[in-house]
Amino acid sequence: MAEAGTGFLEQLKSCIVWSWTYLWTVWFFIVLFLVYILRVPLKINDNLSTVSMFLNTLTPKFYVALTGTSSLISGLILIFEWWYFRKYGTSFIEQVSVSHLRPLLGGVDNNSSNNSNSSNGDSDSNRQSVSECKVWRNPLNLFRGAEYNRYTWVTGREPLTYYDMNLSAQDHQTFFTCDSDHLRPADAIMQKAWRERNPQARISAAHEALEINECATAYILLAEEEATTIAEAEKLFKQALKAGDGCYRRSQQLQHHGSQYEAQHRRDTNVLVYIKRRLAMCARRLGRTREAVKMMRDLMKEFPLLSMFNIHENLLEALLELQAYADVQAVLAKYDDISLPKSATICYTAALLKARAVSDKFSPEAASRRGLSTAEMNAVEAIHRAVEFNPHVPKYLLEMKSLILPPEHILKRGDSEAIAYAFFHLAHWKRVEGALNLLHCTWEGTFRMIPYPLEKGHLFYPYPICTETADRELLPSFHEVSVYPKKELPFFILFTAGLCSFTAMLALLTHQFPELMGVFAKAMIDIFCSTEFRDWNCKSIFMRVEDELEIPPAPQSHHFQN
């Protein structure tokens, strides 16, 4: 019975929604017909006459107060809409309309069983959108103590947001802890240390763990947060490598003895890979680029399945510094695959290599006269592909937008990824002669191929709509987040701006010319309330105004008489 009643209510609701969706014009004419039939019992003509007499007795002061109040209210709505749009990127009135009014006036449920095929397609696109809006660990992230904290000491600004640091804390707990840590006192202390919000408390806990035992994760924390130079961080990471390598070898022998040992071995593997990767980054920072390349290659050979650290992006940056473009092409051939997730580093490095072949001789004037050659066309297509993947990067490479320190986490295809890429790769683009000139001449052509990037892409999926919100959480408040595509002002902001301006103008004219505006108002009221509406025209209005104000007729000219 309950199911039958629920089904009947659903059918009744769907009928009402359908009627409002398709038969609203019929309903409108029915209402008009009823009003016409009931005009005598309702005394509509008498009521209109009474209203007309009441309005004729109003003074100009009333109109001044009315228009002034309307202007004030519309101005307040405009200010609120503009503030809400600047903060959240959408109109408050439109959001309320879509969220609350649209379901009542005929919103369609995407999970309806009647459209199972379309629902499956929508779920696939939603799954892709969620995956694209996933926040990733920045493979080129800086050192907190040696780089981020130094920036804070010099400028007084915090380069990292709380959201970004909280994600890092979650990563550390995932990679550097396991369920059996409580069995070892030093690891138990570090398990609590990774959850601490206060940096000094974390550092104190790391020192406490080192007093008990040689703990690799304690050295990692001190190298990341306490070391004030890269050299100090490298020294601590070498001590962490010595301790972590011993733990890894012991757990490797016991990994098949149970799930507990397997989890411990997985944790020790993550710790060892993290230490070696950061040691390679220290060598890269200290100018020992060839040593860094060798360490990264060895690490990728030793642990080929750990792609979550994206070590190949560190390798690409180091190879570009060495100008080993053939090795860069070899790495791209392996990782720039259709089945693998893309990144700005992959796409823009591929574009840089193709631009390098033609950029030194490229001239936009010559290209417009003779057309693009095959190599130039390939370079332009590679640039368009990279710009479609992340449209924020060119402004940083062309120095049209100022750079900041990259965050510890990035959003692929977002502004945070663009900052992280340009921060390390701008020098490589400058080193290739003419590459930035080619980028400057061709990158905006991408947008002509994808006029509606949120709906349909060219080489990639449609651009995700969640990037702006996530980037605002990842990037500091003093940075102006790049937004793509540029959002136009919502209709209601423009409407309230026009309404505010119009009512303010009416209030000013009524205050300056009360008699004239009063005559116009009375004339308009008489037009709308009179039964002889069809016989009125603009000439009658001006004649009424002239009679009220006793304006003498204009003298006739004798130059154009027959």
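By the naming in an unreviewed UniProt entry, the protein chain is Suppressor of tumorigenicity 7 protein, taken from Balaenoptera musculus. Its UniProt record, at the heading Sequence similarities (unreviewed entry), says of the protein chain: "Belongs to the ST7 family."

(A) Summary view of unusual backbone geometry. A positive phi is found at Glu399, a non-glycine position, where the angle reads about 55°. Relative to the assigned elements, Glu399 resides in the loop between helix H20 (393–397) and strand E2 (409–411). A relative accessible area of 53% places Glu399 in the exposed class. Phi angles above zero are rare outside glycine, and Arg413 is one such case at about 75°. Along the polypeptide, Arg413 turns up in the loop between E2 and helix H21 (415–431).

(B) Geometry of the packing of helix H16 (residues 325–335) against helix H17 (residues 344–356). The geometry of H16 relative to H17 is characterised by a closest axis approach of 11 Å and an angle of 135° between their N-to-C directions. By the angle between their axes, H16 is oblique relative to H17. In this structure, H16 crosses over H17, and the sense of that crossing is left-handed. Mapping the contact onto sequence places Tyr325, Val328, Gln329, Leu332 and Tyr335 in H16 and Ile346, Thr349, Ala350, Leu353 and Arg356 in H17. Split by residue class, the contact of H16 with H17 holds seven nonpolar, two polar and one charged.

(C) Examining the pattern of salt bridges more closely. In this structure the tally under the stated criterion is 21 salt bridges. A salt bridge links Arg137 to Asp171, with the shortest nitrogen-to-oxygen separation between them at 3.6 Å. On the criterion of sequence distance, the pair formed by Arg137 in strand E1 (residues 135–137) and Asp171 in helix H8 (residues 162–176) is long-range, its members being 34 residues apart. The partner of Lys276 in a salt bridge is Glu302, and the shortest N-O contact between them spans 3.0 Å. A residue pair is termed long-range when its members are at least 10 positions apart, and Lys276 in helix H13 (residues 259–285) and Glu302 in helix H14 (residues 289–302) qualify at 26 residues. Ionic contacts of the salt-bridge type, sharing partners, join the residues Arg144, Arg202, Glu225 and Glu408 into one network.

(D) Inspection of H16 at higher detail. For H16, the complete set of buried residues consists of Tyr325, Val328, Val331, Leu332 and Tyr335. Axial view of H16: buried residues confined to an arc of 115°, hence all on one face. When the buried face of H16 is taken as reference, the exposed residues oriented beyond 90 degrees from it are Ala326, Ala333 and Lys334. On its buried side, H16 packs onto H14, helix H15 (311–321) and H17.

(E) Inspection of the packing of aromatic side chains at higher detail. Counted according to the given criterion, the structure contains six aromatic pairs. Aromatic pair Phe423 and Phe424: ring centres 5.1 Å apart, planes at 75°, arrangement edge-to-face. Taken together through their ring pairs, the aromatic side chains of Phe176, Trp194 and Tyr274 make up a single cluster. Over the aromatic face of Phe143 sits the side chain of Arg278, whose NZ or CZ is 4.0 Å from the ring centroid. Note that Lys412 overlies the ring of Trp136, its terminal NZ or CZ placed 4.1 Å from the centroid.

(F) Layout of helix H7 (residues 144–155). Residues of H7 that are buried include every one of Arg144, Gly145, Ala146, Glu147, Tyr148 and Thr152, and no others. Its buried side turned inward, H7 meets H8, helix H10 (199–212), helix H11 (216–226), helix H12 (230–254) and H13. Gly156 sits one or two positions beyond H7 and adopts a positive phi of about 80°.

About the thresholds
- Residues numbered from 1 in each chain as written.
- Predicted model: local features only at pLDDT ≥ 70, side-chain atom pairs only at ≥ 80, totals over all residues.
- Heavy atoms only, no water.
- UniProt positions renumbered as here; feature names shortened; annotations may be inferred.
- Helix = DSSP H or I, 4+ residues; strand = E, 2+ residues; numbered from the N terminus.
- Buried < 20%, exposed > 50% of the residue type's maximum accessible area, 1.4 Å probe, protein only.
- Axes fitted to C-alpha atoms, helices over the stretch in contact; angles between N-to-C directions.
- Parallel < 35°, antiparallel > 145°, perpendicular 65-115°, else oblique.
- Left-handed = near helix turned anticlockwise from the far one by under 90°.
- Contact = heavy atoms within 4.5 Å.
- Nonpolar A, V, L, I, M, F, W, Y, C, P; charged D, E, K, R; others polar.
- Salt bridge = Lys/Arg side-chain N within 4 Å of Asp/Glu carboxyl O.
- Arc of directions from axis to C-beta.
- Phe/Tyr/Trp six-rings, centres within 6.5 Å; stacked < 30°, edge-to-face > 60°.
- Lys NZ or Arg CZ within 6 Å of the ring centre and 35° of its normal.

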